[in-house]
Amino acid sequence: MANKVFLVWYALRKRESTTITKILNQQNMKTLFTVALAGALSFGSFVANASEDLRALSAVNSNFKKINVTLNEGVGNAKITILTPAGKSLNSRTIRVKNENIMIPYDMNNLPAGEYQVKIATEDEEVIYKVETKERPIASADLPLMAYGKALDENTLKLTVVGLLEPGVEVKVFSSGSGKLIYQEEIDQPEGFSKNYSFDGAKSSDVYMEVKDVKGRSKTLFF
């Protein structure tokens, strides 16, 4: 009888020991998982913070077809790479930032206007900026004077001037043979005008015109 009681007691103790072991193993696994998850989150936060730090210490902007990269004190050694939208490297250089902020200009005039990427990388961090270049518009004063001449018949010329920035055009008519000034006038007409000219004793092919606006733009017309 005593042996049976002992066997029952032993079986219960063994079952209890096994259950406790399982519970402890489960708790250990949960602890390890929690530690691993916390480590992963901490590493992810570190990487994110690193990128945010580098972004805070750098800037990229464009002015028509020029790109300026600014690196602030604290960046250290950084590699700057200019890439196409597809990721093809166009230019790469390493810059050392010491005790002051520096700006690195890039001239993009030999490349098409459009979107580019600028990658800045240090030993531990990396950021990518997107930037767009544009063609510089031609200033109105740099555009040629739009003046046109046409011979209507043997003795009549037509002058047309359009796209004036300000009223005021000087018209001079010269003899093609001698270069002598045979007629001159000022026309104060906003935006543009059209006018016919005819001269006694002179054919259309015997004269030429010089037209000049108040901006200094000029054009010579032959017929």
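Residues numbered from 1 in each chain as written. Predicted model: local features only at pLDDT ≥ 70, side-chain atom pairs only at ≥ 80, totals over all residues. Heavy atoms only, no water.

Could you give me a rundown of the sheet that holds strand S9 (residues 156-162), with the residues and numbers involved?
Reading across from one edge, S8-S9-S12 is the order of the 3 strands in this open sheet, with antiparallel pairing throughout. Taken across any chain shown, the strands that pair with only one partner, and hence form the sheet edges, are strand S8 (146-151) and strand S12 (193-198). The average angle at which neighbouring strand axes cross in this sheet is 20 degrees, direction not considered. (Pairing = 2+ DSSP bridges. Helix = DSSP H or I, 4+ residues; strand = E, 2+ residues; numbered from the N terminus. Axes fitted to C-alpha atoms, helices over the stretch in contact; angles between N-to-C directions.)

Describe the side chain of Glu185, naming the residues involved and giving the relevant values.
You can see Glu185 is positioned in strand S11 (residues 181-187). Given a relative accessible area of 14%, Glu185 falls into the buried group. Of note is the side chain of Glu185, whose polar atom sits 2.5 Å from the side chain of Tyr197. Those residues within four positions of Glu185 in sequence are excluded, and the remaining contacts are Val169, Glu170, Val171, Lys195 and Tyr197. (Buried < 20%, exposed > 50% of the residue type's maximum accessible area, 1.4 Å probe, protein only. Polar contact = N/O pair within 3.5 Å; in protein donor to acceptor, adjacent residues only side chain to side chain. Contact = heavy atoms within 4.5 Å.)

Could you give an account of the environment of Lys79, with specific residues and numbers?
Relative to the assigned elements, Lys79 resides in strand S3 (residues 77-83). When the C-alpha atoms of Lys79 and Arg96 are compared, they prove to be 8.8 Å apart, with 17 residues separating the residues in sequence.

Don't take any of this as a statement about function, it's just geometry.
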